[in-house]
Amino acid sequence: MPGKNVSKAAPLSPDEVALREELRADVEKLAGEIGERNMWHYAQLNGAANFIEDSFSHAGFHPRRDSYDMRGQACHNIEAEIPGSLQGAAASQPLHLPIIVIGAHYDSVFGSPGANDNGTGVAATLALARRFATANPKHTLRFVAFVNEEPPYFLSGEMGSLVYARRSKERGDKISAMISLETIGYFSDAPNSQTYPSPGLSLFYPKIGNFIGFVSNVQSRALLRRVITLFRKHAKIPSQGAALPAFIPGVSWSDQWSFWQHGYPAIMVTDTAPFRYPYYHSSNDTPDKLDYDRFTLVVSGMEKVIQELAK
Ligand SMILES: [Zn+2]
């Protein structure tokens, strides 16, 4: 069994210390206070939706619910948007301006409180939205919390992000980049703490789980390379990236898959979840398992990436 995870993170700046405490508080709220949240725990699922909506509102947004019905029960993706400054310049065709989507699923798998999967992704989405709330980006930024990513909705027509991506396509939204924040809070410095879905990958990638991963399908390789280059320019945590065929186990395992189905470039940011995290999809995926310092360095690095992508 892995021992208590003592962080070997680079020192945090004062801004990053504040960010860390925001992330910690929101993971505690989602996984500690609300707990398991899915269609079997429907009140908690809606409790999480309300919490996310309130958080966006407090940051100064007017969040929108992108809702759909599943066997008589309403399900909601929650979206906060910052219109790009190019919007005014080309107001006759507002839907054809580039949009950057930053998103994470807020449901947890059956039987798990979902601290790392995906309390971390949601906490990061909320923290990033707060930091861009008063920004004036050229490109439109959308921060979205998706419902129903986990099985049995996983890779199905009832997955919240697939509903969202389909409606975006129908509206003619030009999404130039989608970034899926999926399970980003666990790191280890132990030998052989990192595994891979195929032996071929184990040859080329590190065996210590102390990095953040960037993964895409082959078609999104250009976006993946751009994001990794920007991340490495700014971030204080090691990173690894791979553009791989979508059939390799793990490559499609989150909301980026939904955007690929509609031809949008999309990538996943992840600590690699089942290939590293001993508490993946278990009742022990609780807030105390996370490395908040290194989780913070991932989010502060992504803040810089989004700043540059939105220029
Ligand atoms: Zn997940």
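Residues numbered from 1 in each chain as written. Predicted model: local features only at pLDDT ≥ 70, side-chain atom pairs only at ≥ 80, totals over all residues. Heavy atoms only, no water.

Caption draft 1: Highlighting the packing of aromatic side chains. This model, assessed by the stated rule, comprises 14 aromatic pairs. Both rings, one in Trp253 and one in Phe275, keep their centres 6.0 Å apart while their planes meet at 15°; by these two values the pair is stacked. In this pair, Trp253 is assigned in the loop between β7 (239-243) and α8 (256-260) and Phe275 in the loop between β8 (266-270) and α9 (292-309), connecting sequence segments 22 residues apart. A residue is classified by how much of its surface remains accessible, and Phe275, at 17% relative accessible area, is buried. (Phe/Tyr/Trp six-rings, centres within 6.5 Å; stacked < 30°, edge-to-face > 60°. Helix = DSSP H or I, 4+ residues; strand = E, 2+ residues; numbered from the N terminus. Buried < 20%, exposed > 50% of the residue type's maximum accessible area, 1.4 Å probe, protein only.)

Caption draft 2: Layout of helix α5 (residues 160-171). Compared with the 16 Å implied by 1.5 Å per residue over twelve residues, the 17 Å span of α5 between its first and last C-alpha is a close match. If you check which residues of α5 are buried, you get Gly160, Ser161, Leu162, Val163, Tyr164, Ala165 and Ser168. Downstream of α5 by a residue or two, Gly172 has a phi angle that is positive, lying close to 85°. (Expected span 1.5 Å × (residues − 1).)

Caption draft 3: The arrangement of the side chain of Ser156 in detail. By secondary structure assignment, the location of Ser156 is in the loop between β4 (140-146) and α5. A distance of 3.0 Å separates the side chain of Ser156 from the backbone nitrogen of Glu158, its partner in a polar contact. Not counting the four nearest positions on each side in its chain, Ser156 is found in contact with Leu162 and Trp257. (Polar contact = N/O pair within 3.5 Å; in protein donor to acceptor, adjacent residues only side chain to side chain. Contact = heavy atoms within 4.5 Å.)

Caption draft 4: Here's a closer look at the environment of Pro197. Tracing the backbone through its elements, the reader meets Pro197 in the loop between β5 (174-181) and α6 (199-204). Given a relative accessible area of 29%, Pro197 falls into the partly exposed group. For Pro197 and Val251, which are 54 residues apart along the polypeptide, the C-alpha to C-alpha distance reads 9.3 Å. Not counting residues within four places of it along the chain, the set of residues in contact with Pro197 comprises Ile248, Pro249 and Phe275.

Caption draft 5: Region of the structure containing helix α1 (residues 14-34). Taking 1.5 Å as the rise per residue, α1 with 21 residues should run 30 Å; its terminal C-alpha atoms sit 29 Å apart, in good agreement. Remark: the principal bend of α1, roughly 30°, maps to Glu28. Every buried residue of α1 is accounted for by Glu16, Leu19, Arg20, Leu23, Asp26, Val27, Leu30, Ala31 and Ile34. Looking at the buried residues of α1, the elements they touch are α2 (42-58), α4 (115-132) and α9. Gly35 sits one or two residues past α1 and shows a positive phi near 80°. (Bend = angle between axes of the 7 residues up to and from the residue.)

Caption draft 6: Expanded view of the pattern of salt bridges. Per the stated rule, a full pass over the model turns up 21 salt bridges. The salt bridge partner of Lys29 is Glu33, with a shortest N-O separation of 2.9 Å. Note that Lys29 and Glu33 are positioned in helix α1 at a spacing of four residues, about one turn of the helix. The shortest N-O distance in the salt bridge between Arg142 and Asp173 comes to 2.9 Å. Taken together, the positions of Arg142 in strand β4 and Asp173 in the loop between α5 and β5 put the pair 31 residues apart, joining distant regions of the chain. (Salt bridge = Lys/Arg side-chain N within 4 Å of Asp/Glu carboxyl O.)

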